[in-house]
Amino acid sequence: MTHIRVRLGAGVLGLALVGGLAAAPTASAAAAAPVTVEEQRLDRAAPQEILRRSGFDTVAPGFARALERAGSFGQAERVVVRQGARLWQRAVDRAQGRGPAGGDLSRDDDRPLYWARLGMTREVRQWEPEFGLTDTQRARLLSELEENSRGENTIRYPRAKGVKRILLTGFDPFTLDRDVRISNPSGATALALDGTTIRTADGPARIETAVFPVRWQDFAQGTVERTLRRQLPRVDLFTTVSQGRVGRFDVERTNGAWRGGFPDNENVSRTETVPVTDPASQPQWTSTTLPYARIVAAPTGRFPVYDHTSVTEIPAGGTDPVVRPDGPTPGSTARAGGGGDYLSNEIAYRATLLRDRLGLHDSLPGGHVHTPVLQFGTGNTDPATGTVTDPEFVQNRLDIIAQVRAIVTVAVSGTGR
């Protein structure tokens, strides 16, 4: 178990000072914003049970009381930054066995963080303070709440020599209209590993993490690049992680510049080329620089691990998509990377494109790992009648977390810049 980190000081203070110096509203105060599709799911029975059985049911009400005491936009901003960061740290602490569990839900569960955050964003969206709040100010509060409750602003590495640096990202739960009980093992892994030190063949390595939303618009607005740009030149290895196929891990060899349109957590679809800055220089494909052969060969856990090379492309001069088991052909147009055409492929594409644009392709190992699908236990697969957790479900998640840790340990060994 790693030591407890104190992280709220400098980063929060800096943002608080910025908020305190913000100008008074000059535009007319706006009415409360409508709640989102994602936030509307909060009122279902399973999310409420998850919050209650983890003790996170007190988060949004406490946050609402703190907001009501704010007498200015600057004070509100300080509340949002402070409590967003506290939510992230509370979730990390719970996952890593520090402090009270708050209930009988297993500590490895990522869902309390997800649903508590949505409770907080709903409070911001519906808040109508007496001092008035413009649409721009409300959007700023929501953005700062998201960043601080996702670990994006708390990535810190020790200055000690000889300690390698690993950056790992996960995702929120998704496909919640299919089953609102769903947990995402990549998000659970991020909470379990944040701030931990692993022992490798070359010495210690520190892992820092963040968890991203499953929303097309956030990615188009650059949330991945904002979080990773400052970190990639400083780390020894990075991996984006998401839930993939049943019963297997995949190290995705190639990522494609295509959004396939599957609905996100707001039930929004996007079918288009991945939108990035400087699209004129945008490649159709990017590649992993993770040591995939070494990862696949290592005994990392109960699930098989594959070097996944298949993509879907429109060949040069062609019009119809073709599946290529061994990767893209020269001049082709992407229609799916190894990780598909959803946000898992997109985060891998964005992270590796950023790596390349920073001139780090030949020196920084990085790419995407797909975990197995996190499955409920036998007899608990019906969303209408099933329970929010069961022993097999918990064991599956714990095994996935442990195997991601082992994969990262293998991957970072022998690296260094």
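Chemist: Looking at this model, I keep getting lost on helix α8 (residues 185-193). Mind explaining?
Modeler: An α-helical turn contains 3.6 residues, so any two residues separated by three or four positions project in the same direction. With nine of its nine residues buried, α8 lies for the most part within the structure. Listed as buried for α8 are P185, S186, G187, A188, T189, A190, L191, A192 and L193. Remark: G195 follows α8 within two positions and exhibits a positive phi of approximately 75 degrees.

Chemist: Is there a simple way to explain the confidence of the model for the protein chain in this structure?
Modeler: The predicted coordinates of low-pLDDT regions are not to be read in fine detail. Across the protein chain, the average pLDDT comes to 93, with 93% of residues at or above 70. Confidence over residues 1-27 falls short of pLDDT 50; this stretch has 47 contacts with residues more than four positions distant or in other chains.

Chemist: Help me understand the packing of aromatic side chains in this model?
Modeler: By convention here, two paired aromatic rings are described through the distance between centres and the angle between planes. A full pass over the atoms with the stated rule returns nine aromatic pairs. Between F249 and F303 the ring centres are 6.2 Å apart and the planes differ by 65 degrees, which places this aromatic pair in the edge-to-face class. Residue F249 is located in strand β5 (residues 249-252), and its partner F303 is located in the loop between α11 (292-297) and β10 (305-308); the two are separated by 54 residues in the primary sequence. You'll find F249 and F303 in the same group, each marked buried. Considering the side-chain rings of F262 and Y342, the 5.1 Å spacing of their centres and the 85 degrees angle between planes classify their relative orientation as edge-to-face. One end of the pair, F262, is in the loop between β7 (258-260) and β8 (271-273); the other, Y342, is in the loop between β13 (333-336) and α12 (343-357), with 80 residues separating them in the sequence. Its relative accessible area of 43% is what places F262 among the partly exposed residues. One aromatic cluster is present, formed by F174, W216, F262 and Y342 through successive ring pairs. Of note, R181 hangs over the ring of F376, and the distance from its end group to the ring centre comes to 3.9 Å. The ring of Y306 carries R248 above its face, with NZ or CZ at 4.1 Å from the centroid.

Chemist: Sorry, what's going on with the sheet that holds strand β12 (residues 322-324) here?
Modeler: In a beta sheet, neighbouring strands are held together by backbone hydrogen bonds and run either parallel or antiparallel to one another. Strands sit in the order β12-β11-β13 across an open sheet of three strands; the sheet is antiparallel. The open sheet is flanked by β12 and β13, the only strands paired with a single partner. Going from strand to strand, the sheet's axes swing by 45 degrees on average, the running direction of each strand aside. Pairing of strand β11 (residues 311-314) with β13, which is carried by three bridges, proceeds in the antiparallel orientation. The residue bridging E313 from the neighbouring strand is A334, located in β13.

Chemist: What is the right way to read the layout of surface pockets from this model?
Modeler: Take a probe with the size of a water molecule and roll it over the atoms, and the empty space left behind shows itself. The volume enclosed by the largest pocket comes to roughly 560 Å³. Lining the largest pocket are 25 residues, and of these L142, E146, R215, D218 and Q221 sit closest to its centre. Counting residues per element, the ones that place at least two in the lining of the largest pocket are α2 (37-40), α6 (111-126), α7 (135-149), α9 (216-220) and α10 (223-228). By residue number, the principal contributor to the lining of the largest pocket is α7, which donates five residues. Grouping the constituent residues of the lining of the largest pocket by class yields six nonpolar, six polar and 13 charged. Estimated volume of the second largest pocket: approximately 360 Å³. Taken together, 21 residues line the second largest pocket, and the ones lying closest to its centre are F174, Q243, G244, Y342 and S344. Mapped onto the lining of the second largest pocket, the elements with two or more residues apiece are β4 (237-243) and α12. Looking at side-chain class alone, the lining of the second largest pocket contains eight nonpolar, ten polar and three charged residues.

Cut-offs applied
- Residues numbered from 1 in each chain as written.
- Predicted model: local features only at pLDDT ≥ 70, side-chain atom pairs only at ≥ 80, totals over all residues.
- Heavy atoms only, no water.
- Buried < 20%, exposed > 50% of the residue type's maximum accessible area, 1.4 Å probe, protein only.
- Helix = DSSP H or I, 4+ residues; strand = E, 2+ residues; numbered from the N terminus.
- pLDDT = per-residue confidence, 0-100.
- Contact = heavy atoms within 4.5 Å.
- Phe/Tyr/Trp six-rings, centres within 6.5 Å; stacked < 30°, edge-to-face > 60°.
- Lys NZ or Arg CZ within 6 Å of the ring centre and 35° of its normal.
- Pairing = 2+ DSSP bridges.
- Axes fitted to C-alpha atoms, helices over the stretch in contact; angles between N-to-C directions.
- 1 Å grid on protein atoms, 1.4 Å probe; cavity = no way out; pocket = protein on both sides within 12 Å on 5 of 7 lines; lining within 4 Å.
- Points joined across faces, edges and corners; volume = space filled by probe spheres on them.
- Nonpolar A, V, L, I, M, F, W, Y, C, P; charged D, E, K, R; others polar.

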